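Residue strings, one per chain:
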Amino acid sequence: MVMQRLRSGLFVLTCAAPLAWCQGLEYIRAHYTKYEFRIPMRDGKRLFTAVYVPKDDSQSYPILLLRTPYSVRPYGADSYPERLGPSEKFVREGFIFALQDVRGRYESEGEFVHVRPYIPQKRSPKDVDESTDAYDTIEWLLQHVPNNNGRVGVYGTSYPGFYAAMAAIDAHPALKAVAPHAPVTDWFIGDDFRHNGALFLAHAFNFLARFGRPRPEPATVPEPPFEHGTPDGYQFFLRMGPLSGAEEKHFKGKIAFWRELIEHDTYDEFWKARNPLPHLKNIRPAVLTVGGWFDAENLYGALNVYQSIEKQSPGAWNALVMGPWDHGGWNREGDRLGPISFGAKTSEFFRDQILLPFFNYFLKGKGELKLPEAYMFETGTNQWRKYDAWPPKTSREQALYLREGGRLAFEPPADEVEACDEYLSDPAKPVPFIGSIEIGMAYEYMVADQRFASSRPDVLVYESEPLERDFVVAGPLTARLQVSTSGTDSDWVVKLIDVYPDNYPDPNPNPRNVRMGGYQQLVRGEPFRGKFRDSFEKPEPFEPGKVTRVEFTLPDVYHVFRRGHRIMVHIQSSWFPLVDRNPQKFMRIHEARESDFQKATQRVCRSRSRPSLILLRVL
């Protein structure tokens, strides 16, 4: 089952655009028989599972399992969905599709726990986690669903991607193939709700305002939407005031995980226990991790699930696919994001030529698997590339230096004289994260035109000369800054931007009447909360006015800056309401009152002895 994600953050089941495929009720009803089970777990709780079995019994079929907190509706043995599986071709190929409400959600019993921690040492049947629930589900299905061939695959997008990755840990022997799509991993370092300790305010608030509400048990009714009272998220969150305003004005004690999210404001055991990456050891199933270069939610998760398995399970069949997609874009057409065209229906290629052959090979023994270690879409030139490792073994480091006069150059500064650029950061007038009016975290921000930000006095802009040849960036980025602040804390937002030539042609078709000449396309942007510069566990204040090194890693990119384009870098200290406002005063931000927010003068140094630079991996 594939789920369409609303701007509120909730998945819904629908065949309306922009989904790329839909088999239809009649086809599924004619070719599959539906069963509903309540599968017992080892602690006695029962998980609701809908199973669709091919009516053709001339052969046996593998089981394809999806575990989700977003509902397996429609409920009722005679009620069928309009689509099943990752694509229409999966339905026509023939699989036993098993869809399960995870523990504590919708029709399943038990308590729902966000990114439930893995328990390494299980001492009794009461020690359950998502790994054991997947194991018990698979064991029961193999014994009770007729005509299965004894092989199982698991897949899922986003939160279901987390459950897919967890199924690979201490996996059932019958689990042969796992495909986590944009899996949730670390909610403090890089996925969803916090990036480098900075709270992704609009996304966290909007998601939990709906998904985080308490639910009766069991229940099939979806959560009602949250009413903002305005389409303008910038104004909504600014009027909310300090972070405490979310609780005082809106949630009022009803959203338990919101309180946990903001109160656990350092990388403590609460977050470490919920990170599955350290446990991806001794992985036995084949794993195909899938992600999108422009995924605003779980880009970090996709890249790091692959890398963690690569390092901790060196004998595993482990591959990575990264396409030009936003969150869940592989389930749609994948031909464009906003005004940026990718030249083809990339998602259809992925589903038909990568995902289906992967499951057919490992679950049916069908076909010859010719997938590379890394199947990567190169943006800028818009073509798929194959690599035997990621980042590519032939990549090398290349520094881009911030220089005088807003220049960006490959040569380091030659002047030893102290040289810094500065701006005034005002929490009352934070820099917007996008130029359009949005109520939440618009996915399009990942490629949005940055000209609105380049003209602001609180954004430092550095730009290269037009490139004489194509410049290929392939891998993670490192921001290495020498900075000071007049406050005692500060956020540092770094953005890597592709500046199009002034005569660049407009898209055809042009759905939003966008003018591409001079377009400043965000390629990668990431915030860093400065107090965590030495440790996410033990934050430290800045000494006002003292130059301090701040270094952090931005997620990978695979992008070609074409000949004639320019490379641009932005440095700023707010990105609102994507990121909550930093009071620019060292403190627990959720305890800040309006009087704690203060203006601060931010300086970025760029001399030979104190250079500020972006370290790239290039081909």
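In what follows, the accompanying structure is described. (Residues numbered from 1 in each chain as written. Predicted model: local features only at pLDDT ≥ 70, side-chain atom pairs only at ≥ 80, totals over all residues. Heavy atoms only, no water.)

Turning our attention to the overall build of the protein chain. Along its length, the protein chain carries 12 helices and 27 strands. By the compact-globule yardstick of 25 Å for 619 residues, the protein chain fits well, its C-alpha radius of gyration being 24 Å. Looking at the protein chain as a whole, 63% of its 619 residues qualify as buried. When contacts within the protein chain are restricted to residue pairs at least 6 apart in sequence, those whose partners lie at least 24 apart make up 77%. When the accessible surface of the protein chain is summed, it comes to about 23,000 Å², and 47% of that surface belongs to carbon and sulfur atoms. (Helix = DSSP H or I, 4+ residues; strand = E, 2+ residues; numbered from the N terminus. Rg over C-alpha atoms; globule rule 2.2 N^0.38 Å. Buried < 20%, exposed > 50% of the residue type's maximum accessible area, 1.4 Å probe, protein only. Contact = heavy atoms within 4.5 Å. Areas by Shrake-Rupley, 256 points an atom, 1.4 Å probe, with all protein chains shown as cover.)

This part covers the nonpolar core. Grouped together as the largest cluster of nonpolar side chains are 106 residues, with contacts concentrated most on F205, W258 and I571. One finds A286, L303, W325 and F362 within the second-largest nonpolar core, a separate group that totals 85 residues. (Core = buried A, V, L, I, M, F, W, Y, C linked by side-chain atoms within 4.5 Å.)

In the structure shown here, the tally under the stated rule is 36 salt bridges. Ionic pairing is found between D352 and K89, a salt bridge with its closest N-O pair at 3.3 Å. Placement of D352 in helix 11 (residues 346–364) and of K89 in helix 2 (residues 88–93) is noted, with a sequence separation of 263 residues between them. You can call K89 partly exposed: its relative accessible area is 44%. Ionic pairing is found between R529 and D491, a salt bridge with its closest N-O pair at 2.8 Å. You can see R529 sitting in strand 23 (residues 520–529) and its partner D491 sitting in strand 22 (residues 491–499), a full 38 residues away along the chain. As far as burial versus exposure is concerned, R529 and D491 are alike and both buried. (Salt bridge = Lys/Arg side-chain N within 4 Å of Asp/Glu carboxyl O.)

To continue, consider the packing of aromatic side chains. Across all of its chains, the model carries 63 aromatic pairs by this definition. With a centroid separation of 5.8 Å and 50° between ring planes, the pair formed by Y32 and F97 is classed as tilted. Of this pair, Y32 sits in strand 3 (residues 32–40) while F97 sits in strand 6 (residues 96–101), and the two are 65 residues apart along the sequence. Taking the relative accessible area as the measure of exposure, F97 reaches 0% and is therefore buried. Stacked on the ring of F542, the Lys or Arg R533 has its end atom at 4.0 Å from the ring centre. Over the aromatic face of F597 sits the side chain of R581, whose NZ or CZ is 4.5 Å from the ring centroid. (Phe/Tyr/Trp six-rings, centres within 6.5 Å; stacked < 30°, edge-to-face > 60°. Lys NZ or Arg CZ within 6 Å of the ring centre and 35° of its normal.)

Bringing helix 11 into the picture now. Spanning 19 residues, helix 11 covers 25 Å between terminal C-alpha atoms, matching the ideal 27 Å at 1.5 Å per step. For helix 11, the principal kink sits at L356 and spans about 30°; a proline, P357, occurs within the next four residues. Downstream of helix 11 by one or two residues, G365 has phi in the positive range, about 65°. (Expected span 1.5 Å × (residues − 1). Bend = angle between axes of the 7 residues up to and from the residue.)

An order of 20-25-22-23 is seen for the four strands of this open sheet, with the pairing classed as antiparallel. Each having just a single partner strand, strand 20 (459–463) and strand 23 make up the two edges of the open sheet. Ignoring which end each strand starts from, the neighbouring axes of this sheet average 15° apart. Pairing geometry for strand 20 and strand 25 (residues 566–572), over five bridges, is antiparallel. By the bridge assignment for strand 25, V461 is matched with H570. (Pairing = 2+ DSSP bridges. Axes fitted to C-alpha atoms, helices over the stretch in contact; angles between N-to-C directions.)

With that settled, the discussion passes to helix 10 (residues 299–312). Spanning 14 residues, helix 10 covers 20 Å between terminal C-alpha atoms, matching the ideal 20 Å at 1.5 Å per step. Most of helix 10 sits out of view: 10 of its 14 residues are buried. Taken residue by residue, helix 10 has L299, Y300, G301, A302, L303, V305, Y306, Q307, S308 and I309 as its buried positions. Against strand 11 (286–292), strand 12 (318–323), strand 23 and strand 24 (548–561) lie the buried residues of helix 10.

With that settled, the discussion passes to the state of the cysteines. Under the definition given, this model contains one disulfide. Between the sulfur atoms of C420 and its disulfide partner C605 the distance amounts to 2.2 Å. Because the sign of the S-S torsion sets the handedness, a value of about 80° for the bond joining C420 and C605 places this disulfide among the right-handed ones. A residue pair is termed long-range when its members are at least 10 positions apart, and C420 in strand 19 (residues 420–425) and C605 in strand 26 (residues 600–605) qualify at 185 residues. Across the pair, C605 and C420 agree in class, each one buried. (Disulfide = S-S within 2.5 Å.)

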